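# Survey of secondary and tertiary structure
Single-letter residue listing:
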Amino acid sequence: MKPNLEVLLQQIDSQELARRLVQARTARKLVQQQSAEALGMSRPTFINIEKGQRPISAHELLILSKLYDTDPYSLVALPPGDTDLIVQFRRTLQVQDLGLGQEQDELDMAIKTLQDMAIAYLELEQMVGKKHIFKVHTQYPLEGHRDLKKYAALIARQERQRLHLGDEPIPQLFSLLEEEYGVRVFRFSLPRGVSGFYGYASGLGGCIAINEDHPIERQLQTAAHETGHLLTSAHNVQIQVLTSRPHGNPAEQFAGAFGMNFTLPEAGVQKLVYDFLESNNDQPPSVRDLVAMAHQYSVSFEAFLRRLVDLEYLPHSEVKRLTSQKVVKKTKEALGLTTSGEPTYLDKILARYPERYKRYLVEAYEQDLLEPEEITTRYLKGINQGEIANVVARYTQVPHIREDGSLVNLDFEGYQERVNWRIH
């Protein structure tokens, strides 16, 4: 099995690698003689490495990366360009949210985690020869718009039309962000006060972090909110850790309104309400009915109620009254809208990564470009090597319904043969 580092060494430009090696050495304040001695070679030979005139082996790279206290992958897998994420946080963070003295450390760790996961994604792309395209078709300026809520509603309608979504619920928002915008979306535990954040680096493109500890409805709303930031400041996002409430911040106002309109389009919600009233003789919906409506658009109960307030179907006072009734969870269970049991440990880990990321990982593994240990320690941290076969099976098998109605999983080639046989 060919080591990953050797593959990446074959792909990177020798002059670019030489530049990074010099940068890593000087950052540690080491002289060339020290590096040459660590490699067991003469200084002139090492100088040729730093000039890009002599190739470096994976073993030598590992020695230098340890000497320079840096990740070997960062020396070979990144393209020319910046990979330090500039981040837009979703909400205000107060000292009481995270604990005195702990706030900045946790935020820094969250940014680093997103950055590391995005770099791993980039490495997989390079391994399987794929090109990442970050494609925000239009950037919408905020300057000159007095009513940002109306402006956000307009942009949400335009984006829905461009994506051919109509007024229907968005079935797979995370996949849509990856496929249509080229955004790298990851889910992992974030500080308690953070729902998610958007970051950008020229070498990585747009990246979004979502708090995996939140309910899935809230995660989807967070993703829509961060899409608002993506559409207004995809390449020039600044850190926003505010000390006051975000209502006066134009970027946050726009993102909040965009997220609501994008996930709950006005015409779609109006039709939903109209159809209900028509079929129920204009009787007001019960909590049970409202929970079912919210589920149809994959949003939280409270978010749906607030949208009804925006559209003047519901007085604002009703939101507090209805959400204070501790019946929503029981109502969901009665309607069969809750998932049965906790997800498996493997499912939880896999949910952290984009679908394309996992397909590339399996492709690289099947091409003998990845060692099992690399997968468990870098690309799917936390899984056991024995579970790699299960991951591969998920992305190389296709569910097929037999003529008798039974379901069987076929490997992709077998499935393709069956399809071809039917075509011919």
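Rules and cut-offs
- Residues numbered from 1 in each chain as written.
- Predicted model: local features only at pLDDT ≥ 70, side-chain atom pairs only at ≥ 80, totals over all residues.
- Heavy atoms only, no water.
- Phe/Tyr/Trp six-rings, centres within 6.5 Å; stacked < 30°, edge-to-face > 60°.
- Helix = DSSP H or I, 4+ residues; strand = E, 2+ residues; numbered from the N terminus.
- Buried < 20%, exposed > 50% of the residue type's maximum accessible area, 1.4 Å probe, protein only.
- Lys NZ or Arg CZ within 6 Å of the ring centre and 35° of its normal.

Now for the packing of aromatic side chains. What the rule picks out here adds up to ten aromatic pairs. Between Tyr-121 and Tyr-360 the ring centres are 6.4 Å apart and the planes differ by 65°, which places this aromatic pair in the edge-to-face class. Of this pair, Tyr-121 sits in helix H8 (residues 103-128) while Tyr-360 sits in helix H19 (residues 355-366); the two residues are 239 residues apart in sequence, bridging distant segments of the chain. On the basis of relative accessibility, which here comes to 1%, the residue Tyr-121 falls in the buried class. The buried category is assigned to Tyr-360, whose relative accessible area is 12%. Consider the rings of Phe-258 and Phe-262, whose centres lie 5.1 Å apart with planes at 20°: the pair is stacked. With Phe-258 and Phe-262 both in helix H12 (residues 250-263) and four residues apart, this pair spans about one turn of that helix. Residue classification places Phe-258 among the buried residues on the basis of a relative accessible area of 0%. A relative accessible area of 0% places Phe-262 in the buried class. Directly above the ring of Phe-262 sits Arg-160, whose terminal nitrogen or CZ lies 5.8 Å from the centroid. The cationic tip of Arg-184 hangs over the ring face of Tyr-121; the distance from NZ or CZ to the ring centre is 4.6 Å.

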